[in-house]
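Read off the chains here:
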Amino acid sequence: LGILLNRSSDLSFVNEDTFLWNLFTTRRSIFAPMVPRTFIFPSLVNEEESNTIKSELKKLFKKAGVKHGFYNVEMYFTHKKELFVIEINPRQGGHLIPQFIKLQTGVDCNKLLVTTAVGDYDYYHTVLKKDLESNLVTLHVVIPEFTGQLNRIKISPEIEKYISETHLRENVSQVSRCTNGTHWIAYVTLRFPNRETQLKYSGEKIDKCITADIKDRQIPIVDCSMSYKLLYNFMTGDAYGFFVPKLSKVSRTPEDYAAQLAAYCTIAYDLDDNNQIKGMIAGYTHNLRIKDWSYAAEFYVNSDHRNKGLGEELFKAYIDYCKSIHLKGVWLTVREDNTKAQKLYLKLGFVFDETYNENGFLKMDLRL
């Protein structure tokens, strides 16, 4: 529901006419929008939405002829309040979801599934008769935002008192920036005394309170996986003049900016500890003007992070990427009076193209 795709996820147990369910809301990661990061139980949907979900799922299960089992359902409500079911899978959900549900409701999903599958309905009838617990539980998945060496999981003192369990993945040292749900580092389960406190620590705040401390961070090369929010902060701040590609009729909205980057450019960038862009290089890695060469279109380092070697790191990362996809070289243009930038490019191995000088700009090439 919105940019982060805060989609409701449902784990249902179906047995003939009985329909048990555990509805919760998943919050997605800002830097990896398709990766579920925080599971909030019970769900944030209202009673009307809850009834709609239950009614529609019953219809779907009946039409499919489903009579038994656990099913993980991914869905969301559109802006018109219409329910959209993305997928239904015959599984209990990943990320320790059965243990998470047991902590919230007191129901052992694994026991319920196995016993009913072999014809033993004692536990099933016990569940039907009992008043289920309704604890306020949040499961937070710690995922790496950078590639590098994992140092430790940092937990803020203000949230520590709500943590009931931390499960650290075994033998984790070198980590890669998360691109899918398998790249988790740790699971942190939290229990809260009231809904207000749960919501306070289950949004973006939890990302700052529970973090992965990663040393020797590498600069990522991506095709624009950054969030609109990061791009917006970057383009409206110190680097407002940074715009790729330079198309005169393209709107400067964050969405259009991100779409243009994703469609045309490869990006090397670095973020600070607050997830703000320190610097970026963007270029056309399949440049039609000079076949099999990359055109480094834009290069910028925010003023607070200059003179620290970041520009050189960014360019080295970009050059290494161009080598990895077997390009013949990288070229760029630089203002004739920008001797500081020229010095950096010469250090990286670029040479001047003596035949080029257009409107005060020089061309420099680097053969790979």
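For the structure, see preceding data.
Rules used throughout
- Residues numbered from 1 in each chain as written.
- Predicted model: local features only at pLDDT ≥ 70, side-chain atom pairs only at ≥ 80, totals over all residues.
- Heavy atoms only, no water.
- Helix = DSSP H or I, 4+ residues; strand = E, 2+ residues; numbered from the N terminus.
- Buried < 20%, exposed > 50% of the residue type's maximum accessible area, 1.4 Å probe, protein only.
- Contact = heavy atoms within 4.5 Å.
- Phe/Tyr/Trp six-rings, centres within 6.5 Å; stacked < 30°, edge-to-face > 60°.
- Expected span 1.5 Å × (residues − 1).
- Arc of directions from axis to C-beta.
- Polar contact = N/O pair within 3.5 Å; in protein donor to acceptor, adjacent residues only side chain to side chain.
- Pairing = 2+ DSSP bridges.
- Right-handed = clockwise from strand over helix to strand, strands pointing away.
- Salt bridge = Lys/Arg side-chain N within 4 Å of Asp/Glu carboxyl O.
- Core = buried A, V, L, I, M, F, W, Y, C linked by side-chain atoms within 4.5 Å.

Engineer: Looking at this structure, I do not really get the environment of Tyr 162. What am I missing?
Structural biologist: Within the fold, Tyr 162 resides in the loop between α5 (157-160) and β8 (163-168). Take Tyr 162: its relative accessible area is 14%, and that puts it in the buried class. Along the chain, Tyr 162 and Tyr 201 lie 39 residues apart, while their C-alpha atoms are 9.5 Å from each other. Among all residues touching Tyr 162, those that are not within four sequence positions of it are Thr 189, Leu 190, Arg 191, Phe 192, Pro 193, Thr 197 and Tyr 201.

Engineer: Help me understand the packing of aromatic side chains in this model?
Structural biologist: Any aromatic ring pair is given by two values, namely how distant the centres are and how the planes are angled relative to each other. On inspection of all chains with the given rule, the structure shows 17 aromatic pairs. Of the aromatic side chains, those joined through ring pairs into one cluster are Phe 24, Phe 39, Phe 41 and Phe 100.

Engineer: What exactly am I supposed to notice about helix α1 (residues 47-64) here?
Structural biologist: One turn of the α-helix equals 3.6 residues, which is why residues spaced by three or four share an orientation. Look at α1: 26 Å from first C-alpha to last across 18 residues, which is about the 26 Å you get at 1.5 Å a residue. Residues Glu 49, Ser 50, Ile 53, Leu 57 and Phe 61 constitute the buried set of α1. In an axial view of α1, the angular spread of the buried residues amounts to 100°, which keeps them on one side of the axis. Exposed side chains of α1 directed beyond 90 degrees from the buried face belong to Glu 47, Glu 48, Lys 59, Lys 62 and Lys 63. Where α1 begins, the side chain of Asn 46 points an oxygen toward the backbone nitrogen of Glu 48, at a separation of 3.2 Å. Of the residues trailing α1, Gly 65 is marked for its positive phi of about 75°.

Engineer: What is the right way to read helix α3 (residues 109-117) from this model?
Structural biologist: Residues Cys 109, Leu 112, Thr 115 and Thr 116 constitute the buried set of α3. Looking straight down α3, one finds that the buried residues subtend no more than 145° of arc, so they occupy a single side. Exposed and facing more than 90 degrees away from the buried side of α3 are Val 114 and Ala 117.

Engineer: I'm lost on the pairing of strand β15 (residues 293-301) in this one. Help?
Structural biologist: Across a regular strand the side chains alternate sides, sitting on one face of the sheet and then on the other. As paired elements, strand β14 (residues 277-287) and β15 share 7 bridges and run antiparallel to each other. Pairing of Gly 279 across the sheet is with Val 301, part of β15. Relative to strand β16 (residues 329-335), β15 runs parallel, the two sharing 3 bridges. Across the sheet, the residue bridging to Ser 294 is Val 330, located in β16. In this fold, the crossover linking β15 to β16 by way of helix α10 (residues 310-324) has right-handed handedness.

Engineer: Where do I start with the side chain of His 305 in this structure?
Structural biologist: Among the secondary structure elements, His 305 is positioned in the loop between β15 and α10. In contact with His 305, not counting residues within four places along its chain, are Asp 272, Lys 278 and Leu 310.

Engineer: What is the right way to look at the pairing of strand β13 (residues 266-271) in this model?
Structural biologist: Taken across its 6 residues, β13 has 6 buried, putting it largely inside the fold. Taking every second residue as pointing to the same face, both faces of β13 are buried, with Thr 266, Ala 268 and Asp 270 on one and Ile 267, Tyr 269 and Leu 271 on the other. Note that β13 and β14 share 6 bridges and pair antiparallel. Residue pairing in the sheet places Ile 267 in a bridge with Ala 282 of β14. Following β13, the chain reverses through 5 residues before pairing antiparallel with β14; Asn 275 in that reversal takes a positive phi of roughly 65°.

Engineer: Is there a simple way to explain the pattern of salt bridges in this structure?
Structural biologist: For side chains bearing opposite charge, pairing can occur when the charged atoms are close. Applying the stated criterion to the full structure yields 14 salt bridges. Between Glu 158 and Lys 205 there is a salt bridge; the shortest N-O distance is 3.6 Å. Separated by 47 residues along the polypeptide, Glu 158 in helix α5 and Lys 205 in helix α7 (residues 204-209) bring together distant segments of the chain. One salt bridge connects Asp 365 with Lys 363, and the closest N-O pair in it is separated by 2.7 Å. This pair shows no difference in class: Asp 365 is buried, exactly as Lys 363 is. Salt bridges linked by common partners bring Arg 27, Arg 37 and Asp 207 together as one network.

Engineer: Honestly, the nonpolar core in this entry has me stumped. Any pointers?
Structural biologist: Nonpolar side chains tend to gather and get buried jointly when the protein is soluble and globular. Ranked by size, the top nonpolar core spans 25 residues in total, and within it Val 142, Ile 153, Ile 159, Leu 190 and Ile 210 carry the most contacts. Among the elements of the structure, β6 (136-142), β7 (147-155), β10 (186-192), α7, β11 (210-218), β13 and β14 are those that each provide at least two residues to this core. When residues of this core are assigned to their parent elements, the largest contribution, 4 residues, is made by β10. If we ignore the near neighbours within four places in the chain, the residues touching Ile 153 are Val 142, Leu 168, Ile 185, Ala 186, Ile 210, Thr 211 and Ala 212.

Engineer: Just checking my understanding: could you explain unusual backbone geometry for this structure?
Structural biologist: With glycine set apart, most residues show a phi of negative sign, and most peptide bonds adopt trans. For the bond from Phe 41 to Pro 42, the omega torsion is 0°, close enough to zero to count as cis. One non-glycine residue, Asn 359, lies in positive phi territory at about 50°. Position of Asn 359 relative to the elements: it lies in the loop between β17 (351-358) and β18 (361-367). Looking at Asn 359, the relative accessible area reads 77%, which means it is exposed.

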